[in-house]
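Take a look at the letters that make up each chain.
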Amino acid sequence: MTSNLNMMTAKELTRIVLAKEELFILDVRNENDFNDWKIEGQTIDIINIPYFDLLDGVDEALDKIPDEKKLLVVCAKEGSSKFVAEQLVEASRTNVHYLEGGMKSWSEHLEPVKIGELQDGGALYQFVRIGKGCLSYMVISNGEAAVIDTLRMTEVFEQFAKKHGAQIKHTLDTHLHADHISGGRKLAEQTGATYWLPPKDAGEVTFAYEKLEEGGDITVGNTTIRIQPIYSPGHTIGSTSFIVDDQYLLTGDILFIESIGRPDLAGKAEDWVGDLRETLYSRYKGLSQDLFVLPAHFGKVTELGEGGRVMGKLSDLYRNNPGLNIKEEDTFRRTVTENLPPQPNAYQEIRQTNMGKMTPDEDEQREMEIGPNRCAVHDR
């Protein structure tokens, strides 16, 4: 009966989004969850009809779904979408798929993308967490690797390094994250690497770490990660930027491609707004404008470039990023402290976890991270 039913993995869905192929999605989660966070893509059409409205039959959905498009049914964990997809197949619909693992798997999929070669050999890779908008990085050089802003799916980084014949020597966090659980410490423990954190963000942490400090450059194989400008506060008090190979500026959550970081996730918006402006309007201005900005997040699918890369030249950002073009200081202050989007789900608990004060299990961590990242000023 269900021979025309297909399963789609998060990896296959990622490929469709990045290749800008057409797809029609029926999301059967409840309306609140759908409005909070959904699958997005430039060539994706999506509608929401809650599962409970389809229990007595899928006629309501049939009227709204085009015949000719590939159809994907999505729910939170898989079960409801599979049931609805089966009903659609029985109603003679073709090219019907359900998402394996539901939005849970979409939230956790990491897609590695090569950013570029390094001058002394080796390469820099970006890991795109497409369902949540988080970005991690791996520098590989001469058999050694460093991972920056590691996500909690640490096995992905271990396997990638192994495949490229590299041993992970360092894990670094640009700041104490509030939207997702850092995997930096866990990955360091698993691989014998050194875990680095900005000391100004580590005042309450319960574990040992190495301090990221100005001039304390880190060498990975033949490549230098310059911890400079070390002190680029604004999103958090210790927010730190890295320059890799004199080509790439890793900005953490200070500067994104189409927006800037919000300063309110530690409850210090009024205190930190001046620091944020100083970093963006002065400190970064003094850097080479040819550097490629690589942020720790993206807010919109429009920020995904060729092959899924999220990057932009610093000079272009100064021209086009609205957050870098607010001339009046008062206007800037209002922009980054008022009318901000909602704060990330469970962000207080996530901060506590990243300090080592809470130790949620795998399911609890997954639940805490559900939803978008909301680290930028403009993300809705």
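In this report, the structure presented in the accompanying data block is examined.

Thresholds, definitions, all that
Residues numbered from 1 in each chain as written. Predicted model: local features only at pLDDT ≥ 70, side-chain atom pairs only at ≥ 80, totals over all residues. Heavy atoms only, no water. Pairing = 2+ DSSP bridges. Helix = DSSP H or I, 4+ residues; strand = E, 2+ residues; numbered from the N terminus. Right-handed = clockwise from strand over helix to strand, strands pointing away. Axes fitted to C-alpha atoms, helices over the stretch in contact; angles between N-to-C directions. Contact = heavy atoms within 4.5 Å. Patch = residues over 30% accessible without salt bridge, like charges linked within 9 Å, V, L, I, M, F, W, Y side chains within 5 Å. Areas by Shrake-Rupley, 256 points an atom, 1.4 Å probe, with all protein chains shown as cover. Salt bridge = Lys/Arg side-chain N within 4 Å of Asp/Glu carboxyl O. Buried < 20%, exposed > 50% of the residue type's maximum accessible area, 1.4 Å probe, protein only. Expected span 1.5 Å × (residues − 1). Arc of directions from axis to C-beta. Core = buried A, V, L, I, M, F, W, Y, C linked by side-chain atoms within 4.5 Å.

### Section: the pairing of strand 3 (residues 44–48)
Right, on to step 1. Where strand 2 (residues 23–27) meets strand 3, 5 bridges bridge the pair, whose relative direction is parallel. Bridge pairing in strand 3 links Phe24 to Asp45.
Right, on to step 2. What joins strand 2 to strand 3 is helix 2 (residues 31–36), and the crossover it makes is right-handed.

### Focus on the sheet that holds strand 4 (residues 71–74)
Right, on to step 1. Here we have 5 strands laid out as an open sheet, ordered 1-5-4-2-3, and parallel in their pairing. Whereas interior strands pair on both sides, the edge strands pair on one side only; in this sheet they are strand 1 (5–8) and strand 3. In this sheet, adjacent strand axes meet at a mean angle of 30° when their direction is disregarded.
Right, on to step 2. Where strand 4 lies against strand 5 (residues 96–99), 3 bridges are found, and the strand directions are parallel. Its bridge partner being in strand 5, Leu72 is matched across the sheet by His97.
Right, on to step 3. Against the sheet, helix 4 (residues 79–90) contacts strand 1, strand 2, strand 4 and strand 5, and its axis sits at roughly 175° relative to strand 5.

### Remarks on a nonpolar patch on the surface
Right, on to step 1. A contiguous nonpolar surface patch, about 310 Å² in accessible area, is contributed by Phe52, Leu55 and Phe83.
Right, on to step 2. Locating Leu55 in the fold gives a position in the loop between strand 3 and helix 3 (59–62).
Right, on to step 3. Residue class for Leu55 comes out partly exposed when judged on its relative accessible area of 39%.

### A look at the pattern of salt bridges
Right, on to step 1. Tallied over the entire structure, the rule returns 18 salt bridges.
Right, on to step 2. In this structure, Glu111 and Lys11 form a salt bridge, with 3.1 Å as the shortest nitrogen-oxygen distance. Residue Glu111 is found in strand 6 (residues 111–117), and its partner Lys11 is found in helix 1 (residues 10–19); the two are separated by 100 residues along the sequence.
Right, on to step 3. Residue class for Glu111 comes out buried when judged on its relative accessible area of 15%.
Right, on to step 4. Under the relative-accessibility criterion, Lys11 is labelled partly exposed at 45%.
Right, on to step 5. Where Glu108 meets Arg366, a salt bridge forms, and the shortest distance between an N and an O atom there is 2.7 Å.

### Some thoughts on helix 4
Right, on to step 1. Spanning 12 residues, helix 4 covers 17 Å between terminal C-alpha atoms, matching the ideal 16 Å at 1.5 Å per step.
Right, on to step 2. Among the residues of helix 4, Ser81, Val84, Ala85, Leu88 and Val89 are the ones counted as buried. All buried residues of helix 4 project into a common sector of 145° when viewed along the axis, lining one side.
Right, on to step 3. Where helix 4 is buried, its residues contact strand 1, strand 2, helix 3, strand 4 and strand 5.
Right, on to step 4. Just beyond helix 4, the residue with positive phi is Ser92, at close to 75°.

### Thoughts on the sheet that holds strand 6
Right, on to step 1. Overall, mixed pairing links the 7 strands, which are arranged 6-7-8-9-10-11-12 in an open sheet. Each having just a single partner strand, strand 6 and strand 12 (210–211) make up the two edges of the open sheet.
Right, on to step 2. Here 3 bridges tie strand 10 (residues 167–172) to strand 11 (residues 194–197), and the two strands are oriented parallel to one another. Following the sheet pairing, His170 is matched in strand 11 by Thr194.
Right, on to step 3. Sheet contacts for helix 6 (residues 154–163): strand 6, strand 7 (123–129), strand 8 (134–141), strand 9 (144–148) and strand 10; angle to strand 8, the most-contacted strand, approximately 25°.

### As for the pairing of strand 2
Right, on to step 1. Most of strand 2 sits out of view: 5 of its 5 residues are buried.
Right, on to step 2. Judged from the 4 bridges that link them, strand 2 and strand 4 form a sheet pairing that is parallel. Directly across from Asp27, in strand 4, lies its bridge partner Val74.

### Description of the nonpolar core
Right, on to step 1. Judged by nonpolar contacts, the single largest core of 64 residues is most densely connected at Trp106, Ile225, Leu255 and Leu280.
Right, on to step 2. Not counting residues within four places of it along the chain, the set of residues in contact with Ile225 comprises Val139, Ala146, Ile148, Asp217, Ile218, Val220, Phe242, Ile243 and Val244.
Right, on to step 3. Membership of the second largest hydrophobic core comes to 26 residues, among which are Ala123, Phe127, Ala166 and Leu197.

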